[in-house]
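# Summary of structural features
What follows is each chain in one-letter form.
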Amino acid sequence: MTVDQVDFEILPRIRNGDQAALALLLDRYWKPVVRYVAGFLGGVDAAEDAAQEAFVRLWERRRTLKPSGSVRGLLFRMARNAALDEGRRRGARERADGYAPEVATSSPAEDLENGELSGIVAAAVNALSERRRDVFLLVRHHGLSYKEASEVLDLAPQTVANHLSMALADLRTALAPHFYGRSHPTPASEADSAKPRSA
Amino acid sequence: MEESIVRVLSGEAGELEALKVERWRQASPENERTFQEFAHTWNLTGLNDTCEAIPPVPSAKQIVDLVERRKRGATPLPRRPQWPHSGWVWAAAAAAVLAVGARVWMTRDAGVTYSTGPGQTVTVPLADGSFVRLAPNSTLRLHDASQRAVDLDGTAFFAVATDSTDPFVVRTASGSAEVLGTRFEMKADADSLRLVVVEGRVRLAGAGERVEVGRGNVSRIVDGAAPTAPQGVNVWEILDWPEGLLLFQATPFAQVAEEVSTFFDIPFAVDDSVLALRSVTAWFGDEPLEDVVNTVCRVVGAQCTIGEIVEVDR
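Here goes a summary of the coordinates provided. Keep in mind the model is a prediction, meaning the values are calculated, not measured.

All right, on to the overall build of chain A then. Within chain A one finds 10 helices and 0 strands. Helices and strands in chain A line up, N terminus first, as α-α-α-α-α-α-α-α-α-α. When burial is assessed residue by residue, chain A has 39% of its 199 residues classed as buried. Considering only contacts within chain A whose residues lie at least 6 apart along the sequence, 58% involve residues at least 24 apart.

Looking now at the interface of chain A and chain B. Counting residues at the interface gives 39 residues for chain A, matched by 33 residues for chain B. Residue assignment for the side of chain A that touches chain B shows that the elements contributing at least two residues are helix H2 (19-41), helix H3 (44-60), helix H6 (117-126), helix H7 (130-141) and helix H9 (157-179) of chain A. Broken down by class, the residue content of the side of chain A that touches chain B amounts to 22 nonpolar, 8 polar and 9 charged.

The subject of this paragraph is the nonpolar core. The biggest cluster of nonpolar side chains holds 64 residues, and the ones touching the most others in it are Val33, Val37, Ala54, Leu75 and Ala79 of chain A. Residues within four places of Leu75 of chain A in sequence aside, it is in contact with Tyr29, Val33, Ala54 and Leu58 of chain A. Phe131, Leu142, Ala156 and Phe284 of chain B belong to the second largest nonpolar core, which has 57 residues in total.

For helix H2 (residues 15-27) of chain B, built from 13 residues, the straight-helix expectation of 18 Å at 1.5 Å per residue is met to within 8% by its first-to-last C-alpha distance of 19 Å. With 1 of 13 residues buried, H2 of chain B is to be regarded as a mostly surface element.

Let us now look at the pairing of strand S12 (residues 209-213) of chain B. Residue and element names in this part refer to chain B. In terms of strand pairing, strand S11 (residues 202-206) meets S12 through 5 bridges, oriented antiparallel. Across the sheet, the residue bridging to Arg203 is Glu212, located in S12. Taking the residues that link successive antiparallel strands as the turn, the S11-S12 hairpin has 2 residues, and the phi of Ala207 there is positive, at about 55 degrees.

Rules of the game
- Counting starts from 1 at the beginning of each chain's written sequence and moves along it residue by residue.
- Both sets of labels track the order of writing: A upward for chains, 1 upward for ligands.
- Side-chain atom pairs in this predicted model are given and counted only at pLDDT of 80 or more, local residue features only at pLDDT of at least 70, and totals for whole chains, interfaces and linings cover all residues.
- Strands here are runs of E lasting at least two residues and helices are runs of H or I lasting at least four, both read from the DSSP assignment and numbered beginning at the N terminus.
- Here the C-beta atoms are placed from the backbone, and a residue counts as buried if at least 20 other C-beta atoms lie within 10 Å of its own, exposed if 12 or fewer do, and partly exposed otherwise.
- By the convention adopted here, residues are in contact when the distance between their C-beta atoms, placed from the backbone, does not exceed 7 Å.
- The nonpolar class holds Ala, Val, Leu, Ile, Met, Phe, Trp, Tyr, Cys and Pro. Asp, Glu, Lys and Arg form the charged class, and all remaining residues, Gly among them, are polar.
- What makes a nonpolar core is a set of buried Ala, Val, Leu, Ile, Met, Phe, Trp, Tyr and Cys residues, with links drawn between C-beta atoms within 7 Å.
- To estimate the expected span of a helix, count its residues, drop one, and scale the result by 1.5 Å.
- A pair of strands is considered paired only if DSSP assigns at least 2 bridges between the two.

Structure below.
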């Protein structure tokens, strides 16, 4: 059964207040949602509250859910918003406490020089622009469709396609010296290349 | 073409687009090499597995109860700073307030009364971080904003947060108990009172007399007489709560493990002296062994494995 089929069957039950359907959603999406927001908040412990908040908000708003929508996309979006809220609160607390965040001791380029495979790839992904990284992680690492990613990030599906294409081109360029034995031309800046393609 | 290649790799391309990419690849060796490099990049960047353990999945009931609690306008529960990983534990506490249908009402002096019927229990987290589990057919009245003074008619188990400047007082028709921070059960009706102390010490007063009751001891007040001298007992044989009494209030991990071991009938011992002294503040209702062990181990920063026994590592 595909994700879409699952959502299609579960959504009407959620709208009707069926707690067994909510349990099914928790079983299916708790781990993916925690993993997703952990990327914003620096670890799964910190992600737990935001993930829980996503399911709470979904249940609170169940009667207004669109019957044809993607539950997974909606959960990821709610979790993202909760994580961003938490990030803002944490930032305010840290500023109030005079907290100074840790500063990375090496640049992504240095990581590329020093790291092993996973470190090299992670450094290249982290070096993507924020929007390209957001899109790339949702589609590549979390398995969302373009449509779901567009719902999470409030973008047009075509804009998601553009950003993903540019993200992979950036990664190909960044990883080329390590895996292809030659470099590629540096792509145009995101602003220049995104304008004519964004929906 | 790059966008179409990525659509093919991500499974978003339709048949026509896939065919277009296929023909483009066949058009020149350079095109094929470009495609292969995109595909290689796509495969390389798919590594995404966290080594961190994912927190246990909350139950649907916990989510629904949280929503209901918000609807009632309840304020968030206090977070106790001594909890190193408190999120889930507090969430569980918040979720189970009034979970089994106890009645609750406000009184004119701003107190709150909880009342359970036959077969009902309720766990009430108080503003100071204490927990009270109320047995069936019992009534608990919270007096003031600090909630460090309560009236009890019936049976309740208390896990009282330590506050050296503000004793916690339980009043009944037969006498009262005063504590600073401990766990105990009180069973009271119009004519009698029984106190069972699981952890810490409790001062029990009645008929102008006062006794101190320590861990593993019981004292009674009957028909307006003074409290009986404390008597050592096996508290877990006396305490009769079908769903158990896994309520911990700054309880040493070693003792938590001992009680979980007794309740679930599985060997669970803490040999590490540092871990043994770390404290746990949490409570559980009908959670399975795995959830209980995972939570308490996470609170103290231990790695626990459940098999024939529960193994504990730092």
